Amino acid sequence: MRQFRGSLAVPVDTMPGWLQAFARNRPVSVTMNAVRALTQGGPGAHWAWQSLAWTAGLIIVLIPAATALYRRR
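These figures come from a predicted structure and were not determined experimentally.

Take helix 1 (residues 17-24) next. Where helix 1 is concerned, the buried positions are L19, Q20 and A23. Looking straight down helix 1, one finds its buried side chains confined to an arc of 110°; they lie on one side. When the buried face of helix 1 is taken as reference, the exposed residues oriented beyond 90 degrees from it are G17, W18 and A21. Elements in contact with the buried residues of helix 1: helix 2 (27-40).

Moving on: the pattern of salt bridges. Think of it this way: side chains of opposite charge can pair up when their charged atoms draw near. As enumerated under the stated definition, the model contains one salt bridge in all. The closest approach of N and O atoms between R24 and D13, which form a salt bridge, is 2.8 Å. Taken together, the residues span a long stretch of sequence, with R24 in helix 1 and D13 in the segment before helix 1 at a distance of 11 residues. Accessibility expressed as a relative area gives 34% for R24, which makes it partly exposed. Of the residues examined, D13 reaches a relative accessible area of 61% and is grouped as exposed.

About the thresholds
Residues numbered from 1 in each chain as written. Predicted model: local features only at pLDDT ≥ 70, side-chain atom pairs only at ≥ 80, totals over all residues. Heavy atoms only, no water. Buried < 20%, exposed > 50% of the residue type's maximum accessible area, 1.4 Å probe, protein only. Helix = DSSP H or I, 4+ residues; strand = E, 2+ residues; numbered from the N terminus. Arc of directions from axis to C-beta. Contact = heavy atoms within 4.5 Å. Salt bridge = Lys/Arg side-chain N within 4 Å of Asp/Glu carboxyl O.

Structure follows, in structure tokens:
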């Protein structure tokens, strides 16, 4: 049986304990929680900042890696 590993379709609180920490800190889950909070009028600043931090971190890491791989070819 395949389990969902993020909060996109399944609430994190319903997942097994060992999976909750992983699911709460995935970039997709953080971004989805930010979107939910902002569209439903709840406090979304915490999730929005985490989402922006994930985005910036991924860009900082992946752009140099992609550039280096592109230059090798």
